[in-house]
Amino acid sequence: MTLPLQFTRRMSRMLGEEYPQFLAAYGTANVRSLRINPLKTGRREFLEKAPFLLSPVAWEENGFYYGAEDQPGKHPLHEAGVYYIQEASAMAPAAYLGAVPGERVLDLCAAPGGKSTQLGAAMKGEGLLVCNEINPSRAKILSENVERMGIGNALVTSEGPDRLAEYFPEYFDRILVDAPCSGEGMFRKHEEACSEWSPENVELCAGRQDMILDCAARMLAPGGRMVYSTCTFAPEEDEESVGRFLHRHSDFSVEEAVLFPGMERGRDWNGRFAEQEDALARTVRLWPHRLAGEGHYLAVLRRKKGPAPSAGRSLYGVEKGLSEKECSLWTEFERENLTVPLSGIFLRFGDQLYLAPEQLPALKGLKVLRPGLHLGTVKKGRFEPSHALALYLAQGQAKRNAALPDWEAAKGWIGGMTRPLEGEKGWYLVTAAGYSLGWGKLAGGILKNHYPKGLRKIL
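Conventions we followed
- Residues numbered from 1 in each chain as written.
- Predicted model: local features only at pLDDT ≥ 70, side-chain atom pairs only at ≥ 80, totals over all residues.
- Heavy atoms only, no water.
- Salt bridge = Lys/Arg side-chain N within 4 Å of Asp/Glu carboxyl O.
- Helix = DSSP H or I, 4+ residues; strand = E, 2+ residues; numbered from the N terminus.
- Buried < 20%, exposed > 50% of the residue type's maximum accessible area, 1.4 Å probe, protein only.
- 1 Å grid on protein atoms, 1.4 Å probe; cavity = no way out; pocket = protein on both sides within 12 Å on 5 of 7 lines; lining within 4 Å.
- Points joined across faces, edges and corners; volume = space filled by probe spheres on them.
- Nonpolar A, V, L, I, M, F, W, Y, C, P; charged D, E, K, R; others polar.
- Phe/Tyr/Trp six-rings, centres within 6.5 Å; stacked < 30°, edge-to-face > 60°.
- Lys NZ or Arg CZ within 6 Å of the ring centre and 35° of its normal.
- Core = buried A, V, L, I, M, F, W, Y, C linked by side-chain atoms within 4.5 Å.
- Contact = heavy atoms within 4.5 Å.
- Polar contact = N/O pair within 3.5 Å; in protein donor to acceptor, adjacent residues only side chain to side chain.
- Pairing = 2+ DSSP bridges.
- Right-handed = clockwise from strand over helix to strand, strands pointing away.
- Axes fitted to C-alpha atoms, helices over the stretch in contact; angles between N-to-C directions.
- Parallel < 35°, antiparallel > 145°, perpendicular 65-115°, else oblique.
- Left-handed = near helix turned anticlockwise from the far one by under 90°.

Caption draft 1: Region of the structure containing the pattern of salt bridges. The final tally for this structure, using the stated rule, is 28 salt bridges. Where Glu170 meets Arg303, a salt bridge forms, and the shortest distance between an N and an O atom there is 2.8 Å. Of this pair, Glu170 sits in the loop between helix 8 (161–167) and strand 8 (172–178) while Arg303 sits in strand 13 (residues 296–303), placing them 133 residues apart in sequence. Take Glu170: its relative accessible area is 25%, and that puts it in the partly exposed class. Across the salt bridge formed by Lys379 and Glu384, the nearest N and O atoms sit 3.6 Å from each other. Given a relative accessible area of 33%, Lys379 falls into the partly exposed group. Linked through salt bridges whose partners overlap, the residues forming this network are Glu18, Glu264, Arg267 and Arg290.

See the structure below:
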């Protein structure tokens, strides 16, 4: 790998005697890791069933390294949303944000969804998680990952940070800003990032980060927590972004963050923020030559407590939802097919029915890809459940279940195969090793495969 000359000169100045170790890291293979989904499995249960040799990631209790010989992305457990393949260092920002059930949480720059699904897992389906991505195609991937991981309390939007700030003044308890950056920390993992790097791009990213952070500040409630993170080493985008932010926002401070082995405190590398030296020393750097992960930076920011915002209202209040009569086909399906009732407010977009969290903010004028859990399609005289609903449900929450006998059968199901089955006609939740994989419909001794054609693949 040929690293940009101006980049290597700067890194040599920053690291001094450590620079040869840093450079040598680029000659080693990047480590591989995944994060299990506690919405679908327990840590102990997963370790008993996992067909991979795993070792823990220190800063994320559900994070594990796996071997280069393993291919978890080609296993049915991945399609079932039992885990998310995520770089280990990238797990740190959401872990430091510390989201808990019942809060309002925003992931402002969310695609492809690793950090959003990590936050959703921590929230355990309670509260509201807003996952935003300004790029429409990347927002679609984000929405698909939210679905695969069985997160029902997520609102997925595709808006600019400034427009989103108009809708949610002082609304969120916690905000994650994993900002677009020059990507220096990903050079080892994505070599194409080297060819796109330039000092001018570093400067461009730094300016954009200032704007994004200012918008995030407008949306954080008094006393709220915000984590700012990047995957770059550039001080202009890391400590100096935080220093500039603190200059503009005197009601924010940097919280002390616990360091795990291999992590290092931030610093004022260029001597531009002497008055912020103590604050910058409370931020965190993750170096690829010091720990098993790529380059990352994060700062935990706290807004000072003040008068409570006006009930934390969004711009247009809350969604009212559909009446019980308007959901009669769903109610009939739920009564006939599920063992547990689902609660929330019902929304309909065309012929698609969604279950949204209580107190969902009014969506008027917002570009929304997913307003909650996609329940299914309302058709003439009947209701057809969605794949998202199947992935959301746990084994036993459907009245009829079809357990596949082994992983080969699970691979066949994901590929679109039908199966012989005797039993009562109707919808069946298809499972593998206790994890839901999708819907099947039994008629004439054949379980018809309702795995979405666009998601079918040969594993």
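On we go from here.
Caption draft 2: Here's a closer look at empty space enclosed by the protein. Under the criterion given, the structure shown has one cavity of 30 Å³ or more. Roughly 50 Å³ of internal volume is contained in the largest cavity. Val146, Glu147, Gly150, Ile151, Arg370, Gly372, Leu373, His374, Ala388 and Tyr392 are the residues that line the largest cavity. Contributions of two or more residues to the lining of the largest cavity are made by helix 7 (136–148), strand 17 (373–379) and helix 14 (387–392). Across the lining of the largest cavity, the residue classes tally to five nonpolar, three polar and two charged.

Caption draft 3: Representation of the packing of aromatic side chains in the model. For the structure on display, the rule yields 25 aromatic pairs. For the ring pair Phe7 and Phe233, a centre distance of 6.4 Å and an interplane angle of 35° mean the geometry is tilted. Remark: Phe233 occurs in the loop between strand 9 (220–230) and helix 11 (239–248) and Phe7 occurs in helix 1 (residues 5–15); sequence separation between them is 226 residues. Exposure remark for Phe7: the relative accessible area of 0% places this residue in the buried category. You can call Phe233 buried: its relative accessible area is 1%. A centroid spacing of 5.8 Å and a plane angle of 65° characterise the contact between Tyr167 and Tyr316, whose relative ring orientation is edge-to-face. Taken together, the positions of Tyr167 in helix 8 and Tyr316 in the loop between strand 13 and helix 13 (328–337) put the pair 149 residues apart, joining distant regions of the chain. The class for Tyr167 is buried, based on a relative accessible area of 4%. The structure contains a cluster of three or more aromatic residues connected by ring pairs, namely Phe7, Tyr19, Phe22, Tyr26, Phe187, Trp197, Phe233, Trp269 and Trp287. When the ring centre of Tyr171 is taken as reference, the NZ or CZ atom of Arg104 above it lies at 4.0 Å. Over the aromatic face of Tyr428 sits the side chain of Arg400, whose NZ or CZ is 5.9 Å from the ring centroid.

Caption draft 4: How the structure looks around the nonpolar core. Of all hydrophobic cores here, the largest spans 41 residues; its most connected members are Leu108, Ile175, Val177, Met219, Met226, Val242 and Leu301. Broken down by element, the residue count for this core peaks at six residues, all from helix 10 (residues 199–219). Not counting the four nearest positions on each side in its chain, Leu108 is found in contact with Asn132, Glu133, Pro161, Leu164, Leu176, Val177, Ile212, Ala216 and Met219. Val105, Leu176, Val227 and Leu291 belong to the second largest nonpolar core, which has 33 residues in total.

Caption draft 5: Up close: the environment of Trp439. Within the secondary structure, Trp439 sits in strand 22 (residues 435–443). Of the residues examined, Trp439 reaches a relative accessible area of 2% and is grouped as buried. Considering only alpha carbons, one finds Trp439 and Glu384, 55 residues apart in sequence, at a separation of 10.0 Å. Among the polar contacts made by the side chain of Trp439, one reaches the main-chain carbonyl oxygen of Ser386 at a distance of 2.8 Å.

Caption draft 6: Highlighting helix 6 (residues 114–123). Judged by how many residues are buried, helix 6 sits mostly within the fold: nine of ten residues are covered. Positioned one or two residues after helix 6, Lys124 has a phi angle of 55°, which is positive.

Caption draft 7: Looking closely at the pairing of strand 7 (residues 154–157). Alternating residues of strand 7 divide into Ala154 and Val156 and Leu155 and Thr157, and every residue in both groups is buried. One ladder, built from four bridges, connects strand 6 (residues 128–132) with strand 7; its direction is parallel. By the bridge assignment for strand 7, Val130 is matched with Leu155. Chirality of the crossover, the property in question, places the unit of strand 6, helix 7 and strand 7 among those that are right-handed. Direction of pairing for strand 7 relative to strand 16 (residues 368–370): antiparallel, over a ladder of two bridges.

Caption draft 8: Spotlight on the packing of helix 10 against helix 11. Packing of helix 10 against helix 11 brings their axes to within 10 Å, and their N-to-C directions diverge by 45°. Relative to helix 11, the element helix 10 lies oblique. Between helix 10 and helix 11 the crossing geometry is right-handed. Together, Ala206, Gln209, Asp210, Leu213, Asp214 and Ala217 of helix 10 and Ser241, Arg244, Phe245 and Arg248 of helix 11 make up the contact between the two elements. Residue classes in the contact of helix 10 with helix 11 are distributed as four nonpolar, two polar and four charged.

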